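Below are the chains, spelled out letter by letter.
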Amino acid sequence: MRKLPSVLARKLASGTSGSPVLPDMSEVRSRLRDIVGASTNWRDHVQAMQERKALHTLLAKRQEDLPPRRMKDSYLEVILPLGSQPEIREKYLNVHNSVRFGRILEDLDSLGVLICYTHTKQETQPRSPLSIVTALVDKINLCKKIIYPDCDIKFTGNVSWVGRTSMEVKMHMLQLHGGDYSPVLDATFVMVARDPENKRPAFVNPLIPESPEEEEIFKQGELNKLKRIDFSTASLLKMAPTAEERNIVHDIFLNTLDTRTVSFRSRKLPPNSVWMEDAKLKGLQICHPQERNIFNRIFGGFLMRKAFELGWATACSYGSSRPFIVSVDDIMFQRPVEVGSLLLLSAQVCYTEKNYIQVRVHSEVYDADTREHQTTNIFHFTFISENEVPRVIPKTYGESMLYLDGKRHFAAIMKDI
Ligand SMILES: CCCCCCCCCCCCCC(=O)SCCNC(=O)CCNC(=O)[C@H](O)C(C)(C)COP(=O)(O)OP(=O)(O)OC[C@H]1O[C@@H](n2cnc3c(N)ncnc32)[C@H](O)[C@@H]1OP(=O)(O)O
């Protein structure tokens, strides 16, 4: 039997209620394909990319040449019809009969990019000269533990701050339950616009806040940028830990010395603790064309899903019970991942407190010809476990820095929720 196009199917399902029919997630992806003119067949991708080169002439020379936009110009609402279209549930289902969060990460990523294309749309041009890529997932905070697999989900979002070539997008996810939509999560992403060949940055339309409330949101975007710069300046890869942090590390060291031997080297694990070196999992992905994005690189949402699932498995085996995601923060997309890459993922429990498990996932591509490794992403996930978990204990100096970094991320998250 021929399937009805999803908008039509939902129109029929919603009868004559008269409420507007919202686009669904599959339409988000097909719109993105149309906007950049992505090829459906992998074998045509080189030609499709070649055709995009001609769009260079449509790029603005200065940001001031682009018409300003309002927040409402990029506002989108999209449905994930898990309730009304049971056939899509399987893809989203986990073994606990709730929704796979990794799939939600993919949907947020696609929607964030479409919101940015809506902000930068040139009315007379069907194709956009911009290649808009995900640079950062600033944060995702969840306020629900369970996402139901059989109730419709609504995503909303708009551009909330604009730099010269970057845009901050705020998105919200709600789920229909008992006739009302209730909030599930809030997300903030940063997207960067590049030229048609994804080689150089490209200007985006300025954003004009229209009310005191929008000015506040815009100002927050500016502050977020400054906060990110501060956080990265104080990174433990660049600067020594603070005096307080040095004391924490030294206390851990003293508490793990074996009192029976007078030696700096002999270490003993305190009760109810796990060495950090025993709290990690690794994985490998071959990046097939199926996982490509509209620019023929690996889709950021796929990378997040894979990292999340490894992080979840690490938290699960660490806490010996089912972990729930509480927060995702500071996922930096440092380098694009090429189709065909070997992607190595390493997940590490780096900090614990009561029921909370802070997991860091490092991803890198491995070039089998040169034998070189290059970091592509770092992911930070905070889980809550059903039971109190053992303390994770660093042994080496490097592990202590990971521990402090995890503690910093955890403290920032706890301030937010
Ligand atoms: C084809 C069929 C498939 C269909 C599939 C459908 C799926 C749909 C798929 C949809 C598509 C899904 C999407 C995907 O899948 S995108 C795939 C995942 N993302 C990537 O691969 C990106 C990888 N990273 C890079 O390429 C570079 O690092 C980027 C380009 C990000 C920055 O490079 P670079 O460092 O050289 O940049 P710059 O110095 O020139 O600065 C430029 C601007 O960027 C701002 N900035 C930079 N970094 C950050 C940061 N960390 N936080 C905040 N802001 C940051 C910076 O302030 C400046 O802003 P402004 O001051 O100008 O405003």
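Procedures and definitions
- Residues numbered from 1 in each chain as written.
- Predicted model: local features only at pLDDT ≥ 70, side-chain atom pairs only at ≥ 80, totals over all residues.
- Heavy atoms only, no water.
- Patch = residues over 30% accessible without salt bridge, like charges linked within 9 Å, V, L, I, M, F, W, Y side chains within 5 Å.
- Areas by Shrake-Rupley, 256 points an atom, 1.4 Å probe, with all protein chains shown as cover.
- Salt bridge = Lys/Arg side-chain N within 4 Å of Asp/Glu carboxyl O.
- Helix = DSSP H or I, 4+ residues; strand = E, 2+ residues; numbered from the N terminus.
- Phe/Tyr/Trp six-rings, centres within 6.5 Å; stacked < 30°, edge-to-face > 60°.
- Buried < 20%, exposed > 50% of the residue type's maximum accessible area, 1.4 Å probe, protein only.
- UniProt positions renumbered as here; feature names shortened; annotations may be inferred.
- Contact = heavy atoms within 4.5 Å.
- Polar contact = N/O pair within 3.5 Å; in protein donor to acceptor, adjacent residues only side chain to side chain.

> Explanation requested: a nonpolar patch on the surface in the structure shown.
A grouping of L223, L226 and I229 is seen on the molecular surface, where their side chains present a nonpolar patch of about 270 Å² in accessible area. Take L223: it is sitting in helix α6 (residues 212-233).

> Looking at this model, I keep getting lost on the packing of aromatic side chains. Mind explaining?
To describe a pair of aromatic rings, one takes the distance between the centres and the angle between the planes. The tally for this structure, following the rule as stated, stands at eight aromatic pairs. Between F101 and F308 the ring centres are 5.1 Å apart and the planes differ by 65 degrees, which places this aromatic pair in the edge-to-face class. Linking F101 in helix α5 (residues 101-119) with F308 in helix α8 (residues 300-319), this pair joins segments that are 207 residues apart in sequence. Each of the two residues, F101 as well as F308, counts as buried. For the ring pair F379 and F381, a centre distance of 6.1 Å and an interplane angle of 10 degrees mean the geometry is stacked. Accessibility classification places F379 together with F381 in one group, the buried group.

> Help me understand the UniProt feature "domain: HotDog ACOT-type" (unreviewed entry) in the protein, please; the structure alone is not making it clear to me.
Using the residue numbers shown here, the UniProt feature "domain: HotDog ACOT-type" (unreviewed entry) corresponds to residues 74-197 and 277-389. The span residues 74-197 is 19% helix and 44% strand, and its two end C-alpha atoms sit 24 Å from each other. The distance from the first to the last C-alpha atom of residues 277-389 is 16 Å, and the span holds 18% helix and 50% strand.

> What am I meant to see in the environment of K170 here?
Tracing the sequence through the fold places K170 in strand β4 (residues 166-177). Residues K170 and T376 lie 206 residues apart in sequence; the distance between their C-alpha atoms is 24 Å. Other than its neighbours up to four places away in sequence, K170 contacts T156, G157, N158, S160, A187, T188 and N224. Engagement of the side chain of K170 in a polar contact is seen with the side chain of T188, the distance being 3.2 Å.

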